[in-house]
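# Survey of secondary and tertiary structure
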Amino acid sequence: VAKAYPKVYLEDCLSRRLIFFTGKGGVGKSSLAFSTAVAAARSGRHVRVITWNPFDTVAKPLRLESLGVEWLQLDPLSCFKEYVLLKVKFERVYNMVFDHPVLHAFIRAAPGLSESVLAGKIWNLYDNHPSDLLIVDLPSSGHALSFFQSPIGVHKMFRVGFVHEETRNICEMFLSPETRLDLVALPEEMPIVEAHELKKKLSTIGEFSWGYLHLNQCLPDLPLPSSSTGVSEEVAQVLSRHEKRQAIERDAFEEAKSLELPSLKIPKLPTESLVATIHEMADILGKA
Ligand SMILES: Nc1ncnc2c1ncn2[C@@H]1O[C@H](COP(=O)(O)OP(=O)(O)OP(=O)(O)O)[C@@H](O)[C@H]1O
Ligand SMILES: [Mg+2]
């Protein structure tokens, strides 16, 4: 049975409380997370973007605060501290028991622990700010998989008791119809295959509400001559490169159909500044 998707991207975004973006490394996850946030904030929604490795090193000097969205950069260690303090209430106890380099190393290295505390922090924000839109810029595919797998796995492992209760909230948030998972890929075979694999793997761990497949950095529509007869050597070379790229994109669009998601094509934009690119992407998404 074909699912009825809302036709308008922004309308769909505004109907959610939580949107996750993931995909292969470097395809534009952070750009799409931030530009979606900007588009939703322009409609008057209070939006928080949650990241733990945004634009890596370039973000800070580029003043993303000027975008008009709240931006929270999480790190597992401080989320863990916040969580424990919520439970034990006394900072002195925390410092005595947990403020130890060996334990810090453990928190960073223990499989699934940092993902679970990050998910717990997101649940906290989700629970405390029910009218906000939370947009999570997830790390690339493999990490995103363990981010979802860890709390769901922990929840299944502990059948009763405290941990079971704590992770149930997170699982409910992940699988809520007000939560959406978007995939980002370049219009090339490998990123689309990777997005498809991720979708298949995630579908085995839970019934997520799937959103859109963003095909980012597509060839812009250029007013190019249709034939290379009578043009200079340089122009002919540009045309030939453009045609090769078009063929790659056509195959990629075919491949993308296998994901069975509504897809959005985002053109490759001029990149004078990160902030300008995000505003332009928000313009495009606002009309998609
Ligand atoms: N449509 C676009 N047009 C032009 N440049 C873009 C576009 N989308 C992304 N970029 C640029 O490509 C680079 C990578 O984008 P971004 O950082 O959003 O990717 P990412 O998937 O978040 O990467 P990572 O896996 O490292 O977190 C950035 O410099 C960004 O400005
Ligand atoms: Mg990123």
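The coordinates are above.
Basis of the calculations
Residues numbered from 1 in each chain as written. Chains lettered and ligands numbered in written order. Predicted model: local features only at pLDDT ≥ 70, side-chain atom pairs only at ≥ 80, totals over all residues. Heavy atoms only, no water. Helix = DSSP H or I, 4+ residues; strand = E, 2+ residues; numbered from the N terminus. Buried < 20%, exposed > 50% of the residue type's maximum accessible area, 1.4 Å probe, protein only. Contact = heavy atoms within 4.5 Å. Near = heavy atom within 4 Å. Polar contact = N/O pair within 3.5 Å; in protein donor to acceptor, adjacent residues only side chain to side chain. Nonpolar A, V, L, I, M, F, W, Y, C, P; charged D, E, K, R; others polar. Core = buried A, V, L, I, M, F, W, Y, C linked by side-chain atoms within 4.5 Å. Pairing = 2+ DSSP bridges. Axes fitted to C-alpha atoms, helices over the stretch in contact; angles between N-to-C directions. Expected span 1.5 Å × (residues − 1). Phe/Tyr/Trp six-rings, centres within 6.5 Å; stacked < 30°, edge-to-face > 60°. Lys NZ or Arg CZ within 6 Å of the ring centre and 35° of its normal.

### Some remarks on the overall build of the chain
- Assigned secondary structure in the chain consists of eleven helices and seven strands.
- By principal-axis analysis of the C-alpha atoms, the chain measures approximately 80 × 45 × 40 Å.
- Across the 288 residues of the chain, 45% fall into the buried class.
- Across the chain, the fraction of contacts at a sequence separation of at least 24, relative to all contacts at a separation of at least 6, is 76%.

### As for the site of ligand 1
- For ligand 1, the set of nearby residues contains 16 residues, the closest of which are Gly26, Lys29, Ser31, Asn216 and Leu269.
- Residue Ser30 places a main-chain N or O atom 2.8 Å away from an oxygen atom belonging to ligand 1.
- Taken together, the elements giving at least two residues each to the shell around ligand 1 come down to helix 2 (29-42) and strand 6 (210-218).
- Counting residues per element, the shell around ligand 1 draws most heavily on helix 2, which supplies three residues.
- Partitioned by chemical class, the residues of the shell around ligand 1 number five nonpolar, eight polar and three charged.

### Examining the nonpolar core
- Counting residues in hydrophobic clusters, the biggest one holds 44 residues, and the most contacted among them are Phe20, Phe147, Phe148, Phe174, Leu202 and Phe208.
- With six residues, the single largest contributor to this core is helix 6 (residues 113-128).
- The contact partners of Phe147, leaving out residues within four places of it in the chain, are Phe20, Trp52, Glu115, Leu118, Ala119, Ile122, Leu138 and Phe174.
- In this structure, Phe21, Leu133, Ala282 and Leu285 belong to the second largest nonpolar core, which totals 32 residues.

### Here we look at the sheet that holds strand 5 (residues 179-185)
- Taking strand neighbours across the sheet as the criterion, the seven strands line up as 3-2-4-1-5-6-7 in an open arrangement whose pairing is parallel. Each end of this open sheet is capped by a strand with a single partner; those strands are strand 3 (70-73) and strand 7 (263-267). Here the average twist between neighbouring strands, direction ignored, is 20°.
- Lying over the sheet, helix 2 contacts strand 1 (18-23), strand 2 (47-51), strand 3, strand 4 (133-137), strand 5, strand 6 and strand 7, oriented at roughly 165° with respect to strand 4.

### Considering helix 10 (residues 233-256)
- For helix 10, spanning 24 residues, the distance from its first C-alpha to its last is 34 Å, which sits close to the expected 34 Å at 1.5 Å a residue.
- Listed as buried for helix 10 are Leu239, His242, Glu249, Ala252 and Ala256.

### Quick notes on the packing of aromatic side chains
- Summed over the entire model, instances satisfying the criterion amount to eleven aromatic pairs.
- Ring geometry for Phe20 and Phe147: centres 5.9 Å apart, planes at 55°, overall tilted. Remark: Phe147 occurs in helix 7 (residues 141-157) and Phe20 occurs in strand 1; sequence separation between them is 127 residues.
- Residue classification places Phe147 among the buried positions, given a relative accessible area of 1%.
- Where Phe147 meets Phe148, the ring centres are 5.1 Å apart and the plane angle is 75°; that geometry is what we call edge-to-face.
- Joined through ring pairs, the aromatic side chains of Phe20, Trp52, Phe147, Phe148, Phe174, Phe208 and Trp210 make up one cluster.
- Across from the ring centre of Tyr126, 3.7 Å away, lies the NZ or CZ of Arg17, which sits over that ring.
- One residue, Lys199, lies across the ring of Trp210, its end atom 5.7 Å from the ring centre.

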